[in-house]
Amino acid sequence: MEGRITNIQRFSVHDGPGIRTVVFLKGCTLRCRWCCNPEAMLPQPVLMFNPQLCIGCGACISVCPTGASGTEKHIGVERKKCTGCGSCAEVCYAEAKYKRDRFLAAEELMEEVRKDLSFYQRTGGGITFSGGEALLQKEFVAEVLRLCKAEGIGTAVETCGNVPWENFEAVLDSMDLYLYDIKSTDTEKHKVYTGAGCERIMENCRRLREAGKQVIIRVPVIPEFNFDRESLTGILRFAETINIEEINFLPYHRYAENKYRYLGMEYWNPGVERLDKGQVEECLREIETSVRLKVDG
Ligand SMILES: C[S@@+](CC[C@H](N)C(=O)[O-])C[C@H]1O[C@@H](n2cnc3c(N)ncnc32)[C@H](O)[C@@H]1O
Ligand code: SF4
Ligand code: SF4
Ligand code: SF4
């Protein structure tokens, strides 16, 4: 069994306790307009192209099997023809064309994860699965979890929750912590901005808590979507009903804007400004709750 992975990020301190290795898996059941990992959201292999690095050598044209690499006068990627095979990236000396997708067996991934074993032991860290939606690849994640548990490595997942409950069951015994996104409790709005309603997401979260699992709710705070007191209060009230102790708010950022260009995708709304920590704290001010609230940034 191999996992489809876009990136492995070592020494992360934002995705669970201690120092962590974050593994980004491909494919997602949502299409959040603001998603900061579009290359992971897409299940298929994708080529990225940064025209600013291109030196116009033309090497990518002759190796492309589908004629998607453009012409000498106009180097590019014709997305309709491109299969994401990566032949052009292999010959691109300037690294203007590149691919992040990798297929790794569980044991191969463990070789990367073990490199930081001593840091996990010293800081209470471990592995965090992210993506995309990591739980779509439940068999692979379950296999890696078994290996981690056998070696005493801590485990966590960042999940959007929009998968069948069976996908949670597959990992339930060996996942230490769920960093669980509740983006909105308004299902119609959720559907418009992410492509799916939020009933199943909230139900799965409730079931995790009933199973006694440790859950931290995370909320990306997005202008036009949920950056208002009513929306955030709705999420807080839901969290209270299932005895959540902590919510992390993630102010909207636009770090991914260039990646959209490199993938030939449109960025959802270039006019929407990023938020800072203070703006989110101000929006949360005077909301009474027993839940511990943390704003990143
Ligand atoms: C890329 S997601 C991957 C995990 C999972 N798919 C999810 O949505 O929870 C990781 C985290 O980044 C957050 N996120 C995504 N795009 C963001 C953006 N533009 N600004 C702030 N947070 C963002 C998500 O809400 C989630 O908490
Ligand atoms: S990834 Fe493959 S199909 Fe796409 S442009 Fe490169 S060589 Fe052509
Ligand atoms: S191989 Fe790379 S640098 Fe050369 S033309 Fe193609 S994209 Fe540009
Ligand atoms: S659920 Fe997560 S990975 Fe999927 S589109 Fe939304 S932010 Fe991106």
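- The name an unreviewed UniProt entry gives the protein is Glycyl-radical enzyme activating protein, with Anaerosacchariphilus hominis as the organism.
- Per UniProt, the comment on the protein under Cofactor (unreviewed entry) is "[4Fe-4S] cluster".

## Description of the site of ligand 3
Then, in step 1: In the region of ligand 3, the neighbouring residues are F49, C54, I55, G56, C57, G58, C60, I75, C92, A94 and K97.
Then, in step 2: A per-class count over the shell around ligand 3 returns eight nonpolar, two polar and one charged.

## Description of the site of ligand 4
Then, in step 1: What surrounds ligand 4 is the set C28, L30, C32, C35, M41, G132, C160 and K183.
Then, in step 2: Within the shell around ligand 4, the residues separate by chemical class into six nonpolar, one polar and one charged.

## Overview of the nonpolar core
Then, in step 1: Counting residues in hydrophobic clusters, the biggest one holds 72 residues, and the most contacted among them are F129 and I217.
Then, in step 2: Ignoring any residue separated from it by four or fewer positions in sequence, one finds F129 in contact with V23, L25, A134, V141, V144, L145, A156, V157, E158 and M175.

## Digging into helix α12 (residues 277–284)
Then, in step 1: Those residues of α12 lying buried are V280, C283 and L284. What you see down the axis of α12 is that its buried residues fit within an arc of 95 degrees, all on one side.
Then, in step 2: Buried-residue contacts for α12 involve β9 (214–221), α10 (229–241), β10 (246–251) and β11 (292–295).
Then, in step 3: The distance from a side-chain oxygen at the start of α12 to the backbone nitrogen of G278 is 3.2 Å, and the residue carrying that oxygen is D276.
Then, in step 4: After α12 finishes, the residue E286 shows a positive phi value of roughly 70 degrees.

## Quick word on the UniProt feature "domain: Radical SAM core" (unreviewed entry) in the protein
Then, in step 1: UniProt records the feature "domain: Radical SAM core" (unreviewed entry) at residues 14–292, using the numbering of this structure.
Then, in step 2: Note that residues 14–292 is 34% helix and 16% strand, and that its end C-alpha atoms are spaced 17 Å apart.

## Points about the side chain of T21
Then, in step 1: When you line up the elements, T21 lands in strand β2 (residues 20–25).
Then, in step 2: Judged by its relative accessible area of 0%, T21 is buried.
Then, in step 3: Only 2.6 Å separates the side chain of T21 from the side chain of Y120, close enough to count as a polar contact.
Then, in step 4: Each residue touching T21, except ones within four places of it in the same chain, is listed here: I8, Q9, R10, V113, D116, Y120, G126, I127 and T128.

What counts, and where the lines are drawn
- Residues numbered from 1 in each chain as written.
- Chains lettered and ligands numbered in written order.
- Predicted model: local features only at pLDDT ≥ 70, side-chain atom pairs only at ≥ 80, totals over all residues.
- Heavy atoms only, no water.
- UniProt positions renumbered as here; feature names shortened; annotations may be inferred.
- Near = heavy atom within 4 Å.
- Nonpolar A, V, L, I, M, F, W, Y, C, P; charged D, E, K, R; others polar.
- Core = buried A, V, L, I, M, F, W, Y, C linked by side-chain atoms within 4.5 Å.
- Buried < 20%, exposed > 50% of the residue type's maximum accessible area, 1.4 Å probe, protein only.
- Contact = heavy atoms within 4.5 Å.
- Helix = DSSP H or I, 4+ residues; strand = E, 2+ residues; numbered from the N terminus.
- Arc of directions from axis to C-beta.
- Polar contact = N/O pair within 3.5 Å; in protein donor to acceptor, adjacent residues only side chain to side chain.

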